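# Fold and contact review
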Amino acid sequence: MNRKSTSPIPEPIVQLQRQLDQFRSTQQRRTKLPESLWQAAVELARQHGVYSVAHPLRLDYMGLKKRLGEPSNHRRKAPRPAFVELIAPHPATLEECVVEFESSRGGKMRIQWKATAPPDWASLLRAWRDTQG
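The structure reproduced in this document is the subject of the present report. Since this is a predicted model, take the numbers as computed values, not measurements. (Residues numbered from 1 in each chain as written. Predicted model: local features only at pLDDT ≥ 70, side-chain atom pairs only at ≥ 80, totals over all residues. Heavy atoms only, no water.)

So, about the pairing of strand E2 (residues 108-115). Here strand E1 (residues 95-102) runs beside E2; their pairing, made up of eight bridges, is antiparallel. Along E2, the bridge assignment pairs Glu96 with Lys114. As consecutive antiparallel partners, E1 and E2 are separated by five residues, and within that stretch Gly106 has a phi angle of approximately 105°, a positive value. (Pairing = 2+ DSSP bridges. Helix = DSSP H or I, 4+ residues; strand = E, 2+ residues; numbered from the N terminus.)

Running from N to C, helix H3 (residues 35-48) and helix H4 (residues 50-57) cross one another at 135°; their axes reach a closest spacing of 7 Å. It follows that H3 is oblique to H4 by the angle criterion. In this structure, H3 contributes Ala41, Leu44, Ala45 and His48 to the contact, and H4 contributes Val50, Ser52, Val53 and Leu57. Of the residues that constitute the contact of H3 with H4, the class distribution is six nonpolar, two polar and no charged. (Axes fitted to C-alpha atoms, helices over the stretch in contact; angles between N-to-C directions. Parallel < 35°, antiparallel > 145°, perpendicular 65-115°, else oblique. Contact = heavy atoms within 4.5 Å. Nonpolar A, V, L, I, M, F, W, Y, C, P; charged D, E, K, R; others polar.)

Two elements in contact, helix H2 (residues 11-26) and H3, have axes whose closest approach is 11 Å; the angle formed by their N-to-C orientations is 155°. In terms of axis orientation, H2 runs roughly antiparallel to H3. Pair H2 / H3 crosses with left-handed handedness. Contact residues: Pro12, Ile13, Leu16, Gln19, Leu20 and Phe23 in H2; Leu37, Ala40, Ala41, Leu44 and His48 in H3. Along the lines of polarity and charge, the residues of the contact of H2 with H3 split into nine nonpolar, two polar and no charged. (Left-handed = near helix turned anticlockwise from the far one by under 90°.)

So, about the pattern of salt bridges. A complete count under the given rule lists five salt bridges for this structure. Between Arg18 and Glu11 there is a salt bridge; the shortest N-O distance is 3.7 Å. For Arg58, the salt bridge is made with Asp21, and the minimal N-O distance between the two is 3.6 Å. Residue Arg58 is located in the loop between H4 and helix H5 (61-68), and its partner Asp21 is located in helix H2; the two are separated by 37 residues in the primary sequence. (Salt bridge = Lys/Arg side-chain N within 4 Å of Asp/Glu carboxyl O.)

Attention shifts here to the nonpolar core. If you look at the biggest cluster of nonpolar residues, it comprises 18 residues, and the most contacted ones within it are Val53, Leu57, Leu59 and Leu64. Taken together, the elements giving at least two residues each to this core come down to H2, H3, H4 and H5. Considering every element that reaches this core, the biggest residue donor is H3, with six residues. Residue contacts for Leu59: discarding those within four places in its chain leaves Leu20, Arg24, Leu33, Trp38, Ala41 and Ala54. In terms of nonpolar packing, the next biggest core, distinct from the first, is built from six residues, Val99, Met109, Ile111 and Trp113 among them. (Core = buried A, V, L, I, M, F, W, Y, C linked by side-chain atoms within 4.5 Å. Buried < 20%, exposed > 50% of the residue type's maximum accessible area, 1.4 Å probe, protein only.)

Even without being glycine, Arg30 reaches a positive phi, approximately 70°. As for its placement among the helices and strands, Arg30 is situated in the loop between H2 and H3. With phi around 55°, Arg58 is a residue other than glycine that occupies positive phi space.

Right under this line is the structure:
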């Protein structure tokens, strides 16, 4: 048997239950509760616990817990930033390289460059060979 259902409801909760029943009987369904009734429920929840108050009063458990100020198990959304700074990566250091080609006929080609990306070696070598005939 569930332990919570066998314990008697404390008298202050029963009194608030009567007030809530009276309010609900005079209002349309889903009408917001007055702040005074919520505050009374919060005070009782501090003394008796959130479930012990929310269940017999038919109140939203999470709503009462939030009003009580207890931390929720749900993650809170982080506020969206108003400004986002994008930082470009540091430029790669420029490498200096020298490459020399020499053909069997004695022709020479010397390439010297300073850049982050290497040249297309195959195209350069092909072009040089074509000029060497």
